[in-house]
Amino acid sequence: MRRPFALIAGVLLVGAFALPASAADGDKGFTIKDSRITESSGLAASRLHPGIYWTHNDSDDGPYLYAVDSATGETVARLTLTGIGSPRDVEAISIGPDNQIYVGDIGDNLGGTWPYVWIYQLPEPKVLKDQTLRATQYVVKYSDGPRNAESLVVDPKTGRAYIIDKNEDGGHLYEGPAKLSASGTNIFKPVATVDLWATDAAISPNGQQLAVRGYFGGIYYDWNGGRIKRAGRLNVPLQGQGESVTYTDDGTKLMYGSEGSDSSVQAEDAPGGSSSGSSKSPSGGGSSASGDDGSATDGKLKVGVVAVAVVAAVFGLRRLFRRN
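For the structure given in this document, a descriptive report is provided here.

Criteria and thresholds
Residues numbered from 1 in each chain as written. Predicted model: local features only at pLDDT ≥ 70, side-chain atom pairs only at ≥ 80, totals over all residues. Heavy atoms only, no water. Pairing = 2+ DSSP bridges. Helix = DSSP H or I, 4+ residues; strand = E, 2+ residues; numbered from the N terminus. Axes fitted to C-alpha atoms, helices over the stretch in contact; angles between N-to-C directions. Salt bridge = Lys/Arg side-chain N within 4 Å of Asp/Glu carboxyl O. Buried < 20%, exposed > 50% of the residue type's maximum accessible area, 1.4 Å probe, protein only. Core = buried A, V, L, I, M, F, W, Y, C linked by side-chain atoms within 4.5 Å. Contact = heavy atoms within 4.5 Å. Phe/Tyr/Trp six-rings, centres within 6.5 Å; stacked < 30°, edge-to-face > 60°. Lys NZ or Arg CZ within 6 Å of the ring centre and 35° of its normal.

On the basis of which strands lie adjacent, the open sheet formed by four strands has the order β15-β16-β17-β18 and antiparallel pairing. The sheet terminates laterally at β15 (200-203) and β18 (229-233), the two strands that pair on one side only. When the angles between neighbouring strand axes are averaged without regard to direction, this sheet yields 25 degrees. Bridging between strand β16 (residues 209-213) and strand β17 (residues 218-222) involves five bridges; their strand directions are antiparallel. Across the sheet, residue Gln209 finds its bridge partner in β17, namely Asp222.

Once that is clear, we can look at the pattern of salt bridges. Any two side chains of opposite charge can pair if their charged atoms end up close together. If you walk through the whole model with that rule in mind, you get nine salt bridges. A salt bridge links Arg47 to Asp249; the shortest N-O distance between them is 3.7 Å. Here the residue Arg47 occupies a position in the loop between β2 (40-45) and β3 (52-57), and Asp249 occupies one in the loop between β19 (242-247) and β20 (253-258), the gap between them amounting to 202 residues. For Arg147, the salt bridge identified is with Asp144, shortest N-O distance 3.2 Å. Among the residues examined, Asp144 registers a relative accessible area of 41% and is labelled partly exposed. Members of the salt-bridge network, linked through shared partners, are Asp144, Arg147 and Asp165.

What follows covers the pairing of β20. Of all six residues that make up β20, six are buried, and the element is covered over most of its length. Judged by which residues are buried, β20 turns out to be covered on both faces: Lys253, Met255 and Gly257 on one side and Leu254, Tyr256 and Ser258 on the other are all buried. Where β19 folds back onto β20 in an antiparallel hairpin, the turn is made up of five residues, including Gly251, whose phi is positive at roughly 80 degrees. Two elements, β20 and strand β21 (residues 264-269), share five bridges in a ladder whose sense is antiparallel. Paired with Tyr256 across the two strands is Gln266, which belongs to β21. Taking the residues that link successive antiparallel strands as the turn, the β20-β21 hairpin has five residues, and the phi of Gly260 there is positive, at about 110 degrees.

To continue, consider the nonpolar core. Formed by 19 residues in total, the largest nonpolar core has its most connected members in Trp54, Leu65, Leu81, Ile101, Val103 and Leu122. At the level of secondary structure, the elements contributing two or more residues to this core comprise β3, β4 (64-69), β5 (75-82), β6 (92-96), β7 (100-105) and β8 (117-123). Sequence-distant contacts of Leu65, that is, excluding residues within four places in its chain, are made with Trp54, Thr55, His56, Ala77, Arg78, Leu79, Leu81, Ile93, Ile101, Val103 and Leu122.

Here β2 lies mainly inside the structure; six of its six residues are buried. Pairing analysis gives five bridges linking β2 to β3, with the strands arranged antiparallel. Note on β3: the bridge partner recorded for Ala45 is Tyr53. Hairpin connection between β2 and β3: a loop of six residues separates the two successive antiparallel strands, and Gly51 in this loop has a positive phi of roughly 85 degrees.

Moving on to the packing of aromatic side chains. Evaluation of the coordinates by the stated rule reveals six aromatic pairs. Note on Tyr162 and Trp223: the rings are 4.9 Å apart at their centroids and 85 degrees apart in plane angle, and the pair reads as edge-to-face. Of this pair, Tyr162 sits in strand β12 (residues 161-165) while Trp223 sits in the loop between β17 and β18, and the two are 61 residues apart along the sequence. Measuring from centroid to centroid gives 5.2 Å for Trp197 and Tyr215, while their planes differ by 85 degrees, and the two rings are edge-to-face. Placement of Trp197 in the loop between β14 (185-194) and β15 and of Tyr215 in the loop between β16 and β17 is noted, with a sequence separation of 18 residues between them. Both residues of the pair, Trp197 and Tyr215, belong to the buried class. Here the guanidinium or amino end of Arg78 rests over the ring plane of Tyr64, the centre of that ring lying 3.8 Å away.

Turning our eyes to something else, we now look at the sheet that holds β3. Strand pairing in a sheet is mediated by backbone hydrogen bonds. Such pairs are either parallel or antiparallel. If you trace the five strands from one edge of the open sheet to the other, you get β2-β3-β4-β5-β9, paired in mixed fashion. Edge positions in the sheet fall to β2 and β9 (131-134), since each has one partner strand and no second. Recorded for the sheet is a direction-independent mean angle of 30 degrees between the axes of neighbouring strands. Sheet analysis places β3 next to β4, joined by four bridges and oriented antiparallel. Of the residues in β4, the one forming a bridge with Trp54 is Ala67.

Here it is, written out as structure tokens:
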């Protein structure tokens, strides 16, 4: 999705955060090298193929999913989906029980123009090669009217689908029916507030945490079967247009992606630092929800000051453009 203010933020961030990398950064993530992938908008770690990440463009591409090898950044398979209509604005991807892939065609550039959106479901292939697979298409409506959204998650235990709408002032977690129906309309209802302008979300493999990211930060929640409780802030890397997030297959890391050609996927410790799903912040990670993290280094504090200035500049420009 093309977002002029996000792009302005990206330009500012590139200049503001061109700082030397630490030698102790740990896992470095990878760069998506496929020239066909220019608007990677969703990310999901494969359950069948360790080290493989599924992604997609958000629009103007077609019914395609790409399997990217994190060891090389190269695409090892492209799936062509059949059995669905023409995708409009594909924004999210998630993997549920029984290695089922769920794709969220849930974006709406005009913030509520389309009366319904779609979710596609297909099995994750056992063999990674270019192939055509038939998907099931589900029609989705919201109980309180149309809206824009970029976050789709599927509970790894129950298979229930959830959507978080994208709202600058914060949105809501919408719960779908216990089982999606391909023959009727699936109504999603708000069940909790989400304190973020959300661009993507992911549930930990053990079903204990929900990670939600935005352009400038992130929050994690205790999942509680969809009855979420805020637990702390995420240590989200600074990216030009931060669009996606997924847990690694073992739950120890969060992988953050962004749009653009040769876009990077960066790794950060997941809260708790392991697949146990602990609700405690990792050592040296983001601050807690109450902001009482005292472990930041001087360098991080300086970056934080710059970040605040950049965000203020971006939103100042937003208000100026609105007035004009």
